[in-house]
Amino acid sequence: MLTAIAHPLRLRVIAELVHGRVHVSELARRLGMSRPLLYMHLDKLEKAGLVTGSLELSDDGKAMKYYELVPFELRVTADTVVEALANDDGSQPQALDTEESGTWPEHI
């Protein structure tokens, strides 16, 4: 959950969804971002259990994707930070320690 809310755009999505359920195209317009980028952020929020998406058919038969916020409360303590780090999949960049080795890591 900490990882899901760690991005400013995902915080903006949450803040917008506080006002209620919204169609993904409308949400993208409100936030000024592309739908593919928005879907990526919504996917992370949905996997964390913070939002839920549902498909509905419009009167003309088009599939419409709506998202809404799932009520949640997050309390951050030292223990939750330690737990989040223990569950980290390693995809976050590691800190650079150029002082110790005197060189840049090869992946830079």
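Let us look at the structure shown here. This structure is a prediction, so every number in the text was calculated from the model and none was measured.

What follows concerns the packing of helix 2 (residues 8-17) against helix 3 (residues 24-31). Helix 3 packs onto helix 2 with a crossing angle of 115° between their chain directions and a minimal axis gap of 11 Å. The chirality of how helix 2 crosses helix 3 is right-handed. Each of Arg12, Val13, Glu16 and Leu17 in helix 2 lies in contact with helix 3, whose residues at this interface are Leu27, Arg30 and Leu31. Among the residues making up the contact of helix 2 with helix 3, the classes are represented as four nonpolar, no polar and three charged.

A few words on the packing of aromatic side chains. Throughout the structure, instances matching the rule amount to zero aromatic pairs. Lying over the aromatic face of tyrosine 66, arginine 21 brings its terminal NZ or CZ to 4.0 Å of the ring centre.

Within this structure, the stated rule accounts for five salt bridges. Here glutamate 26 makes a salt bridge to arginine 29, at a shortest N to O gap of 3.2 Å. Of the two residues, glutamate 26 and arginine 29 are both situated in helix 3; the distance of three residues between them amounts to about one turn of the helix. Classification of glutamate 26 by relative accessible area gives partly exposed; the value is 28%. The shortest N-O distance in the salt bridge between arginine 30 and glutamate 26 comes to 3.1 Å.

On to the environment of glycine 53. For glycine 53, the position within the fold is in strand 2 (residues 51-57). Residue glycine 53 is classed as partly exposed on the basis of its relative accessible area, which comes to 22%. As for glycine 53 and arginine 21, which are separated by 32 residues in sequence, their C-alpha atoms are 9.2 Å apart. Residues in contact with glycine 53, not counting those within four places in the same chain, are Glu46, Lys65, Tyr66 and Tyr67.

Turning next to the side chain of histidine 41. Mapped onto the fold, histidine 41 is located in helix 4 (residues 35-47). Discounting residues that sit within four places of it in the chain, histidine 41 has contacts with His7, Leu9 and Arg10.

A few words now on the sheet that holds strand 2. Read from one edge to the other, the open sheet built from three strands follows the order 1-3-2, with strand pairing classed as antiparallel. The open sheet is flanked by strand 1 (22-23) and strand 2, the only strands paired with a single partner. As paired elements, strand 1 and strand 3 (residues 63-69) share two bridges and run antiparallel to each other. In the strand pairing of strand 3, valine 22 is matched with tyrosine 67. Strand contacts of helix 2: strand 1, strand 2 and strand 3, with the helix running at about 95° to strand 3, the strand carrying the most contacts.

Conventions and cut-offs
Residues numbered from 1 in each chain as written. Predicted model: local features only at pLDDT ≥ 70, side-chain atom pairs only at ≥ 80, totals over all residues. Heavy atoms only, no water. Axes fitted to C-alpha atoms, helices over the stretch in contact; angles between N-to-C directions. Helix = DSSP H or I, 4+ residues; strand = E, 2+ residues; numbered from the N terminus. Left-handed = near helix turned anticlockwise from the far one by under 90°. Contact = heavy atoms within 4.5 Å. Nonpolar A, V, L, I, M, F, W, Y, C, P; charged D, E, K, R; others polar. Phe/Tyr/Trp six-rings, centres within 6.5 Å; stacked < 30°, edge-to-face > 60°. Lys NZ or Arg CZ within 6 Å of the ring centre and 35° of its normal. Salt bridge = Lys/Arg side-chain N within 4 Å of Asp/Glu carboxyl O. Buried < 20%, exposed > 50% of the residue type's maximum accessible area, 1.4 Å probe, protein only. Pairing = 2+ DSSP bridges.

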